[in-house]
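If you want the building blocks of each chain, they are given just below.
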Amino acid sequence: MIGNKLEQEIISLYAKDISSLYSINQIAQKLKKKYPYINKKVSALIDEDIFTKTIAGRSYLCSLNLHNDETLYLLILGEIKSKKNALKKNPQLLKFADYITKLSRVISLCLVLESKGKITFVVEKKEDKEQFEKAFLKEVAKGYRTECVDKESFLSELLDNQELQHEHIILHGYERYYECIREIEDKLKLKYSKLTP
């Protein structure tokens, strides 16, 4: 089940905008696939609790169920593919990803992501930022702006900056990223969802 090409295509519609709600017809149109084919697959995803559905008139809108581990695994699989493609295109980012792996053995990093030339390191608490500053070698990140934030600040940034959800590469902590999204899921949906079938 996990990794099926069509499922990945459907999940990828939501991956960059977690708060999306789409009708089955909209999913079929966006993927340029026939409605019966998409209807069958989306219905199976609903049955497997990967999608939740909201009744909207005579149709229903589908959204991701972030409380289902299988949903998170599908999202993470897409993130891994995105990272792999990004690292192939950018050798500097590849070196930096190797450095992050070493750094994560020394300090406790929740997650690290790159977005629009900026690399954000997320630590659990404000106190952990000091440990990060001591261990981080700035010369390794040449060409990138860097910042270290605690988890609460990152949650606020995710909520205020939708582009951070749309355009990013997770370099470390895939699961932690989606745990953060799950924590603010209701706020994201209130702020960004378009409830139109």
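Our structure is the block above this text.
Residues numbered from 1 in each chain as written. Predicted model: local features only at pLDDT ≥ 70, side-chain atom pairs only at ≥ 80, totals over all residues. Heavy atoms only, no water.

## Description of the overall build of the protein chain
Okay, step 1: Scanning the protein chain from N- to C-terminus turns up 10 helices and 7 strands.
Okay, step 2: A compact globule built from 197 residues should have a C-alpha radius of gyration of about 16 Å, and the protein chain, at 18 Å, falls within 12% of that.
Okay, step 3: Taking the principal axes of the C-alpha coordinates as reference, the protein chain spans close to 60 × 35 × 25 Å.
Okay, step 4: Here the protein chain, with 197 residues, has 49% of them falling under the buried criterion.
Okay, step 5: For the protein chain, restricting intrachain contacts to residue pairs at least 6 apart in sequence, the fraction spanning at least 24 positions comes to 67%. (Helix = DSSP H or I, 4+ residues; strand = E, 2+ residues; numbered from the N terminus. Rg over C-alpha atoms; globule rule 2.2 N^0.38 Å. Buried < 20%, exposed > 50% of the residue type's maximum accessible area, 1.4 Å probe, protein only. Contact = heavy atoms within 4.5 Å.)

## Regarding the nonpolar core
Okay, step 1: Ranked by internal contacts, the top residues of the largest apolar core, which has 44 residues, are Ile10, Phe51 and Phe154.
Okay, step 2: A per-element tally of this core places helix H1 (residues 5-15) first, with 6 residues.
Okay, step 3: If near-sequence neighbours (up to four positions away) are discounted, Phe51 is found in contact with Ile10, Ile11, Tyr14, Val42, Leu45, Ile46, Cys62, Ser63, Leu64 and Asn65.
Okay, step 4: Core analysis: the next-biggest nonpolar cluster, separate from the first, contains 21 residues, Ile119, Phe121, Val123 and Ile169 among them. (Core = buried A, V, L, I, M, F, W, Y, C linked by side-chain atoms within 4.5 Å.)

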